[in-house]
Number of protein chains: 2
Amino acid sequence: MQVEVCLTPELIHQHDLKGKLVVVVDIFRATSCMVTGMSYPIRAIYPVETVEECTALGNQGMVMAGERGGKKIEHFDIGNSPFEYMQGKWKDRDIAVTTTNGTATIKKSEAAHEILIGAFLNLAATVNYIKKQKSDVLIHCAAWKGTPNLEDTLYAGALIHELDNVRTMGDSAQLALSLYLQHKSDLLGAAKKSGHAARLARFGITRDISFCIKKDVYDVVVAYLGGRLVRILP
Amino acid sequence: MQVEVCLTPELIHQHDLKGKLVVVVDIFRATSCMVTGMSYPIRAIYPVETVEECTALGNQGMVMAGERGGKKIEHFDIGNSPFEYMQGKWKDRDIAVTTTNGTATIKKSEAAHEILIGAFLNLAATVNYIKKQKSDVLIHCAAWKGTPNLEDTLYAGALIHELDNVRTMGDSAQLALSLYLQHKSDLLGAAKKSGHAARLARFGITRDISFCIKKDVYDVVVAYLGGRLVRILP
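Residues numbered from 1 in each chain as written. Chains lettered and ligands numbered in written order. Predicted model: local features only at pLDDT ≥ 70, side-chain atom pairs only at ≥ 80, totals over all residues. Heavy atoms only, no water.

Peer 1: So what's going on with the overall build of chain A? Which residues, and what values?
Peer 2: The number of helices and strands found in chain A is nine helices and eleven strands. Since a compact globule built from 234 residues should have a radius of gyration of about 17 Å, the 16 Å found for chain A is in line with a globular shape. Across its three principal axes, chain A shows a C-alpha extent of roughly 45 × 35 × 30 Å. Taking all 234 residues of chain A together, 61% fall into the buried category. The long-range share in chain A, meaning contacts at least 24 apart out of those at least 6 apart in sequence, stands at 75%. (Helix = DSSP H or I, 4+ residues; strand = E, 2+ residues; numbered from the N terminus. Rg over C-alpha atoms; globule rule 2.2 N^0.38 Å. Buried < 20%, exposed > 50% of the residue type's maximum accessible area, 1.4 Å probe, protein only. Contact = heavy atoms within 4.5 Å.)

Written as structure tokens, this is what we have:
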């Protein structure tokens, strides 16, 4: 098995997605929210790019979730905090979600053979699933408005490290693995240095940062299938 | 002073170059060659994008240098090895050079206030020069066909580390610094893991790799001024 890393969706054209298993990651906070939501469990999450599309799905009865610039969209039901996804009232509901970086990254991965949604929160579950597959892996970091970020790169490194005995392809994978190995004993400390963590802290959302960096809180495996996110395990 | 890093020219549109001091780096091997050449000393180096432009300057009497895909261009005088730039016969000559990644990165930096050419070979000299300037710094990695690479990112981290007491801006700077701090006791070992080093090794050019990763062999400071590279110090 071969693993490569794309540090930002703006570089995804450099990668061949055909036949690959792509893991999309947006640690602060889109994919951490998605993994949390699918654990509670929400029935399905429909990622869309615009507020208008999200509102249209809301008018059809879905819960509306999303942020712009890190802040909840005004008429939406929930924003982009994993804690909002833990509320029992969304159980078995469908949620339409639009986020700044995460949704666009999922859409840009659609040429892949299979798309998973990754977060530290379900790292081991995702690793165990991937180990049973035969496809080569591409970790697609959502980044921040196109610029590579620390937290998604750390996750990429963690996934490579945990997959074990894989062949990395390309220097971005080496970069991610090296970053993770240096910081694995203090991921929170490293992630707090990220620009995004600083932005979230300005909104007073530091508990989200601490939560999103936790490993293996949930055992779900989440995939993007037929335009929506579903739980494929357990 | 603030320092940011652009990991590949494909992301340079995310950075505001206005008023910045940009350091262009292409460790394997364009900027290492340029720094070597300017130490011998060549009079000036004219970086151009195409083989045709380079040939036209050759017809005007310049030495022609350059590579495509890591190999010397057939009718050129020299390829892209720093050792070729050490030959006394180019002394006080003008050299026209075209390379895969380095030249394009210089051209894409032209909106900056000032452009330096960086390499491990003249790290300390460049650091000392920058410390006396007032501009914020952007380290522009030439990368490999648009994908971030280990060796240029290592240099970016080394420059940030040596500048000391600077404020990093953006996660790419943090990433580079972290990579450098992890590998600074064995830069050659780290650089050998890069895809580009592997490509060069296939061409049998391992001594170039070892040389290009050496710090402070030369004390020149090289700048891009009026369409050509010149030595501004000593």
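That was the structure; now back to the text.
Peer 1: Which residues make up the relation of the copies chain B and chain A, and what are the values?
Peer 2: Of the transformation placing chain B onto chain A, the axial shift is 0.0 Å and the rotation is 180°, giving an RMSD of 0.0 Å. Between the two chains, the operation in question is that of a two-fold axis. (Least-squares fit on C-alpha atoms with pLDDT ≥ 70 in both.)

Peer 1: Residues and numbers for the confidence of the model for chain A, please.
Peer 2: When pLDDT is averaged across chain A, the result is 94; 100% of the residues are at 70 or more. This complex was scored by the predictor with a pTM of 0.93 and an ipTM of 0.89. (pLDDT = per-residue confidence, 0-100.)

Peer 1: Which residues make up the interface of chain B and chain A, and what values go with them?
Peer 2: On the side of chain A, 26 residues touch chain B, which itself brings 26 residues to the contact. The junction of chain B with chain A conceals about 2,000 Å² of combined surface from both sides, 53% of it contributed by carbon and sulfur atoms. Considering only the side of chain B, the residues that lose the most area to chain A are Asp171(B), Leu175(B) and Gln182(B), jointly responsible for 29% of the buried surface there. Looking at the side of chain B that touches chain A, the elements with two or more residues in it are helix 5 (150-163) and helix 6 (171-183) of chain B. Considering each element in turn, the side of chain B that touches chain A owes the most residues, nine residues, to helix 6 of chain B. In terms of residue class, the side of chain B that touches chain A is made up of seven nonpolar, 14 polar and five charged. (Buried area = accessible area lost by both parts, 1.4 Å probe. Nonpolar A, V, L, I, M, F, W, Y, C, P; charged D, E, K, R; others polar.)

Peer 1: Provide a residue-level description of the side chain of Ser109(B), including the pertinent values.
Peer 2: All names here are of chain B. The residue Ser-109 is located in the loop between helix 3 (102-107) and strand 7 (114-118) in this model. The exposure class assigned to Ser-109 is buried, which follows from its relative accessible area of 0%. Look past the residues within four positions of Ser-109 in its chain and what remains in contact with it is Leu-17, Val-22, Val-24, Ile-115 and His-140.

Peer 1: Please give an account of the packing of helix 4 (residues 123-131) of chain B against helix 5 of chain B that cites residues and values.
Peer 2: Two numbers describe a pair of packed helices, the interaxial angle and the distance between the axes. All names here are of chain B. Where helix 4 meets helix 5, the axes come as close as 10 Å, and the angle between the chain directions of the two elements is 50°. One way to sum up the angle between helix 4 and helix 5 is to call them oblique. When you trace helix 4 past helix 5, the crossing you get is right-handed. Residues Leu-123, Thr-126, Val-127, Ile-130 and Lys-131 of helix 4 lie in contact with helix 5, whose contacting residues are Tyr-155, Ala-158, Leu-159, Glu-162 and Leu-163. (Axes fitted to C-alpha atoms, helices over the stretch in contact; angles between N-to-C directions. Parallel < 35°, antiparallel > 145°, perpendicular 65-115°, else oblique. Left-handed = near helix turned anticlockwise from the far one by under 90°.)

Peer 1: Quick one: what's the story with the packing of helix 5 of chain B against helix 6 of chain B, residue by residue and with numbers?
Peer 2: Residues and elements named next belong to chain B. Helix 6 packs onto helix 5 with a crossing angle of 90° between their chain directions and a minimal axis gap of 7 Å. The angle between the axes of helix 5 and helix 6 places the two elements in the roughly perpendicular class. Of helix 6, the residues touching helix 5 (which contributes Leu-150, Thr-153, Leu-154, Ala-156, Gly-157, Ala-158, Ile-160, His-161 and Glu-162) are Ala-173, Ala-176, Leu-177, Leu-179, Tyr-180, Leu-181 and His-183. Among the residues making up the contact of helix 5 with helix 6, the classes are represented as eleven nonpolar, four polar and one charged.

Peer 1: Residues and numbers for the environment of Gln182(B), please.
Peer 2: Its location among the elements puts Gln182(B) in helix 6. With relative accessibility at 28%, the residue Gln182(B) sits in the partly exposed group. Put simply, Gln182(B) and Leu154(B) are 28 residues apart on the chain and 9.8 Å apart in space, counted from C-alpha to C-alpha. In contact with Gln182(B), other than residues within four places in its own chain, are Ser178(A), Leu179(A), Leu181(A) and Gln182(A). At 2.4 Å, the side chain of Gln182(B) forms a polar contact with the side chain of Ser178(A). (Polar contact = N/O pair within 3.5 Å; in protein donor to acceptor, adjacent residues only side chain to side chain.)

Peer 1: Residue-level account of the side chain of His196(A), with values.
Peer 2: Note that His196(A) resides in helix 8 (residues 195-202). Excluding residues within four positions of it along the chain, His196(A) makes contact with Phe28(A), Trp144(A) and Glu151(A).

Peer 1: Describe the pairing of strand 8 (residues 137-141) of chain A, with residues and values.
Peer 2: Residues and elements named next belong to chain A. Of all five residues making up strand 8, five are buried, and the element is well covered by its neighbours. Here strand 8 shows no split at all, with Val-137, Ile-139 and Cys-141 on one side and Leu-138 and His-140 on the other all buried. Sheet analysis places strand 1 (residues 2-6) next to strand 8, joined by four bridges and oriented parallel. Its bridge partner being in strand 8, Val-5 is matched across the sheet by Ile-139. Note: strand 2 (residues 21-25) against strand 8, five bridges, orientation parallel. (Pairing = 2+ DSSP bridges.)

Peer 1: I'd like a description of the state of the cysteines, backed by residues and values.
Peer 2: Residue and element names in this part refer to chain B. Considering all chains together, one arrives at zero disulfides over all chains under this definition. No disulfide involves Cys-212; its sulfur sits 6.4 Å from that of Cys-33, the nearest cysteine. Cys-212 gets classed as buried once you look at its relative accessible area, which sits at 0%. (Disulfide = S-S within 2.5 Å.)

Peer 1: Just give me the short version of the nonpolar core, but keep the residues and values in it.
Peer 2: One finds Ile139(A) and Ile139(B) to be the most contacted residues of the largest nonpolar core, which totals 86 residues. Counting 64 residues, the second largest nonpolar core, distinct from the first, contains Ile12(A), Ile117(A), Ala119(A) and Met38(B). (Core = buried A, V, L, I, M, F, W, Y, C linked by side-chain atoms within 4.5 Å.)

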